[in-house]
Amino acid sequence: MPKSKMNIQVLPEHKLSSVAPLKQCNVEKKEVELILVKDQNGVQYTSSSIIPTPGCHAGPPGSASEEDREIWGKKLDFLLSVIGFAVDLANVWRFPYLCYKNGGGAFLIPYILFLVIAGMPLFYMELALGQYNREGAATVWKICPVFKGVGYTVILIALYVGFYYNVIIAWSLHYLFSSMTSELPWLRCDNAWNSQNCTDPKTINGSIIGNGTSYAKYKITPAAEYYERGVLHLHESKGIQDLGLPRWELTLCLVVVVFILYFSLWKGVKSSGKVVYITATMPYVVLFVLLIRGVTLPGAMNGIRAYLHIDLKRLNNLEVWIDAATQIFYSLGAGFGVLIAFASYNKFDNNCYRDALLTSTVNCITSFLSGFAIFSVLGYMAFKHGVNIEDVATEGAGLVFIIYPEAISTLPGSTFWAIVFFIMLLTLGIDSAMGGMEAVLTGLTDDFKILKRNRKLFTFATAFGTFLFALLCTTNGGIYVLTLLDKYAAGTSILFAVLIEAIGVSWFYGVDRFSEDVERMMGFKPGLYWRLCWKFVSPAFLLFVVIASTLTSSGLNYDDYTFPDWSNVIGWGVAMSSMLFVPIYAMYKFFSVPGTLRERIAYCITPEHEHHLVAEGNVRQFKLSHWLAI
């Protein structure tokens, strides 16, 4: 908006508060005046604007106008960023194993069910919430101020995840550098890091392993020893109480990762939106190449058949449903504040409904297809050692840093295949880490304007801070710290945060009002299905996952190592440190607003632009019709 058209006018407080977004877009162009209110040094600024008929570009009350807030350079920048964040290492190292373990094709039944009734609705809700309000995870709660603590909770969780997730990316980078040799370092036993027990994989078969030990747990192969002794130096640590100093090789790799993140994010979405053209698309190219190579290996079809076998009896096991629910939740990435942050840079009339369906579907299809690339190679490994698929099937770091690299090392052109594979892991990790850090940056810069004015400096401070904490995970016992953070930093706490978020949006703000917001953006109201999911199904789903994860939670272990009790106490302390923001901020908000008990409650649960209604005694949330509305 040209500065020459800006008027400065001090308005009475009751008029300022009553500004509301336009409910209809089909109005005459010259009859509409949009009042944008900004508060600087006690003076309210208002400005007139013409609203075009084709689309309604007016934001919500108090939000940044499109001229003020940065937007994505292209629509594809946003889509690739969301896909890149959602499609991460877990799509490759967790879903295929869960599918195999829980009945193969039968596992897709609860998986798709939870995708449709909870995953997609939550994904859609977060995109619409961020896009309409044009704010990060904390300030978006101007719609219901008492829940702002949820924003701080998810921001802190995203920060915690960065502490250890960046280290996993550093491992991938370390392996990538190590692969650039004529012979892969994990092919033989005659290296400085190998133990006396190191055994040539060619001599290992089912009869030698015996004792019910699977090949995946056989930790004296060259690949296993390279990971645990050559990279992690785990043999030099006695446990979490004996960490040692950071390993210089991993520290250098971590420095590179942090610099990549910094220079991808320092200019906001204008820079990160370009990086994802590589990081979000490269994994698909590599996955396709690995799949083509995998299915040509002997035994590959046996692996794929094991992956897709259908065992409907497994559906009688509650654990299968819990696995499906948690995988859908973590896979889509709702609740980390990332989707809200990314969507806040969209144009106001962007069709986020279509985006939610597209990106969540792409994520789940990627998980399914990656299983073919993984299990074709696992079938080859089983064939090579004369064991069953279940003996080589595993998940997590053991799959991508031990089993898969070992299989690659036996192929012609192994150096090429290793480089390609670890480039895929690196790019899968980078764009997900970018999303997590962007959630922190957007959430805090929207809340504290001094940080927004110094975005580059704040980005550097955040990246450097995560680097310092991540150094704990590069020590000899760093894997123990990483395991603890992986379990507690984003476990129960993130489930709790999203449950409160769903309740805050669907019940306190109101599904009907939220649906009206969506209609203002896109011109159509969400269907009854989505509204029912938001109000009843998604909160019930999240409550189920919270209870199930709590009841099935066990003590902390890493292979045969059992963590001491005090480490579990520290873990719960990490989890509680983020969750406590919800009740603490709620109490702070309650005691910081004026009025009687009833008025304080009203101010806490009424959108900020409607606070004038509290003084008039017209509080929507105090009416039964609000709670019954859908």
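The rules behind each value
Residues numbered from 1 in each chain as written. Predicted model: local features only at pLDDT ≥ 70, side-chain atom pairs only at ≥ 80, totals over all residues. Heavy atoms only, no water. Disulfide = S-S within 2.5 Å. Buried < 20%, exposed > 50% of the residue type's maximum accessible area, 1.4 Å probe, protein only. Helix = DSSP H or I, 4+ residues; strand = E, 2+ residues; numbered from the N terminus. Contact = heavy atoms within 4.5 Å. Salt bridge = Lys/Arg side-chain N within 4 Å of Asp/Glu carboxyl O.

## Concerning the state of the cysteines
For the structure on display, the rule yields one disulfide. Through a disulfide, Cys189 is tied to Cys198; the S-S separation comes to 2.1 Å. Around the S-S axis, the bridge from Cys189 to Cys198 shows a dihedral of about -75° and counts as left-handed. Residue Cys189 is classed as partly exposed on the basis of its relative accessible area of 23%. Cysteine Cys604 is unpaired, with the sulfur of Cys144 as its nearest cysteine sulfur at 8.5 Å.

## Examining the environment of Val420
Relative to the helices and strands, Val420 is located in helix H18 (residues 414-447). Put simply, Val420 and Pro283 are 137 residues apart on the chain and 9.5 Å apart in space, counted from C-alpha to C-alpha. Contacts of Val420, omitting those with residues within four sequence positions, involve Val286 and Leu290.

## A look at unusual backbone geometry
We note that His233 has phi near 55°; this positive angle belongs to a residue other than glycine. One can find His233 in the loop between helix H8 (222-231) and helix H9 (248-265). Judged by its relative accessible area of 12%, His233 is buried. Residues other than glycine seldom take positive phi values, yet Asp559 does so here, at roughly 55°. Relative to the elements of secondary structure, Asp559 occurs in the loop between strand S4 (557-558) and strand S5 (561-562).

## Structural notes on the pattern of salt bridges
Taken as a whole and assessed by the stated rule, the structure comprises 17 salt bridges. Arg620 serves as the salt-bridge partner of Asp512, at 2.4 Å between the closest nitrogen and oxygen. With Asp512 in helix H22 (residues 492-522) and Arg620 in the loop between helix H27 (611-616) and helix H28 (624-628), this pair connects stretches of sequence that are 108 residues apart. Residue classification places Asp512 among the buried positions, given a relative accessible area of 13%.

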